[in-house]
Amino acid sequence: MSDLTLHGVGYSPWTERARWALDHHRIPYRYREHIPMVGEPLLRLRAHGTLRVKATAPLLVHAGGAIDDSLAIMRYADACGRGPSLRSDSDGARAWAERIEQGLAAGRARLTA
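Just so it is clear, the structure is predicted and the values come from calculations on it, not from any experiment.

*Asks:* Can you help me understand the sheet that holds strand 2 (residues 30-33) in this one?
*Replies:* Within a beta sheet, neighbouring strands are joined by backbone hydrogen bonds and run either parallel or antiparallel to one another. Taken together, the 4 strands give an open sheet; going across it, the order is 2-1-3-4, and neighbouring strands pair in mixed fashion. Sheet topology places strand 2 and strand 4 (65-67) at the edges, where each strand pairs with a single neighbour. Averaged over all pairs of adjacent strands, the angle between strand axes in this sheet comes to 25°, irrespective of strand direction. One ladder, built from 4 bridges, connects strand 1 (residues 5-8) with strand 2; its direction is parallel. Paired with His7 across the strands is Arg32, a residue of strand 2. Together, strand 1, strand 3 (59-62) and strand 4 form the strand contacts of helix 2 (residues 40-48), whose direction differs from that of strand 3 by roughly 50°.

*Asks:* I keep staring at the pairing of strand 3 and nothing clicks. Help me out?
*Replies:* Successive residues of a regular strand alternate their side chains across the two faces of the sheet. Of the strand pairs in this sheet, strand 1 and strand 3 are connected by 3 bridges, and their pairing is antiparallel. Looking at the pairing, His7 lines up with Leu59 of strand 3. Note: strand 3 against strand 4, 3 bridges, orientation antiparallel. Counted as the bridge partner of His62 is Gly65 from strand 4. From the end of strand 3 to the start of strand 4, which pair antiparallel, there are 2 residues.

*Asks:* I keep staring at the packing of aromatic side chains and nothing clicks. Help me out?
*Replies:* To describe a pair of aromatic rings, one takes the distance between the centres and the angle between the planes. All told, the structure shown has 0 aromatic pairs when counted by the stated rule. Arg19 extends its terminal NZ or CZ atom over the ring of Tyr31, reaching a point 4.0 Å from the ring centre.

*Asks:* Honestly, a nonpolar patch on the surface in this entry has me stumped. Any pointers?
*Replies:* On the surface, a nonpolar cluster with roughly 380 Å² of combined accessible area is contributed by Ile35, Met37 and Val38. When you line up the elements, Met37 lands in the loop between strand 2 and helix 2.

*Asks:* Sorry, what's going on with unusual backbone geometry here?
*Replies:* As a rule of thumb, non-glycine residues mostly have phi less than zero, and peptide bonds are mostly trans rather than cis. Note that the residue after Ala57, namely Pro58, is joined by a cis bond; omega there is 10°. For Pro58, the position within the fold is in the loop between helix 2 and strand 3. A positive phi angle, close to 70°, is found at Met37, a residue other than glycine. Met37 sits in the exposed class, given a relative accessible area of 76%. Positioned with a positive phi, Arg87 is a non-glycine residue whose angle comes to about 55°. Its location among the elements puts Arg87 in the loop between helix 3 (70-80) and helix 4 (91-112). Using a relative accessible area of 61% as the deciding quantity, one classes Arg87 as exposed.

*Asks:* Looking at this structure, I do not really get helix 3. What am I missing?
*Replies:* Since one α-helical turn is 3.6 residues long, residues separated by three or four positions face the same way. Inspection of helix 3 places Ser70, Leu71, Ala72, Ile73, Met74, Ala77 and Asp78 among the buried residues, and these make up the whole buried set. Where helix 3 begins, one side-chain oxygen reaches toward the backbone nitrogen of Leu71, 3.1 Å away; that side chain belongs to Asp69.

Reading the values: rules and limits
Residues numbered from 1 in each chain as written. Predicted model: local features only at pLDDT ≥ 70, side-chain atom pairs only at ≥ 80, totals over all residues. Heavy atoms only, no water. Pairing = 2+ DSSP bridges. Helix = DSSP H or I, 4+ residues; strand = E, 2+ residues; numbered from the N terminus. Axes fitted to C-alpha atoms, helices over the stretch in contact; angles between N-to-C directions. Contact = heavy atoms within 4.5 Å. Phe/Tyr/Trp six-rings, centres within 6.5 Å; stacked < 30°, edge-to-face > 60°. Lys NZ or Arg CZ within 6 Å of the ring centre and 35° of its normal. Patch = residues over 30% accessible without salt bridge, like charges linked within 9 Å, V, L, I, M, F, W, Y side chains within 5 Å. Areas by Shrake-Rupley, 256 points an atom, 1.4 Å probe, with all protein chains shown as cover. Salt bridge = Lys/Arg side-chain N within 4 Å of Asp/Glu carboxyl O. Buried < 20%, exposed > 50% of the residue type's maximum accessible area, 1.4 Å probe, protein only. Polar contact = N/O pair within 3.5 Å; in protein donor to acceptor, adjacent residues only side chain to side chain.

Here it is, written out as structure tokens:
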């Protein structure tokens, strides 16, 4: 059984980005579907150990803590996984992520409306 758990939202492109990076590097993990609003208290506890601080999905929980950003999860996979690097820490990857962020956020707003 894996000691990594990815909490995500099935329709989220950020969750898909995190899953793709973990799968690419053949890193075993459990996947738990996060249900917005209903699952918020559990996600906050998993991310920060408190109910006071907001948490977001995807959230990768590992022995050393939690990572709550899909690009940071990609960097974690690059550092810990096998296979070719995704070069997630490169200037090109950061620029690409910044360019598509507006489109992803607009899509999320339309989908959840």
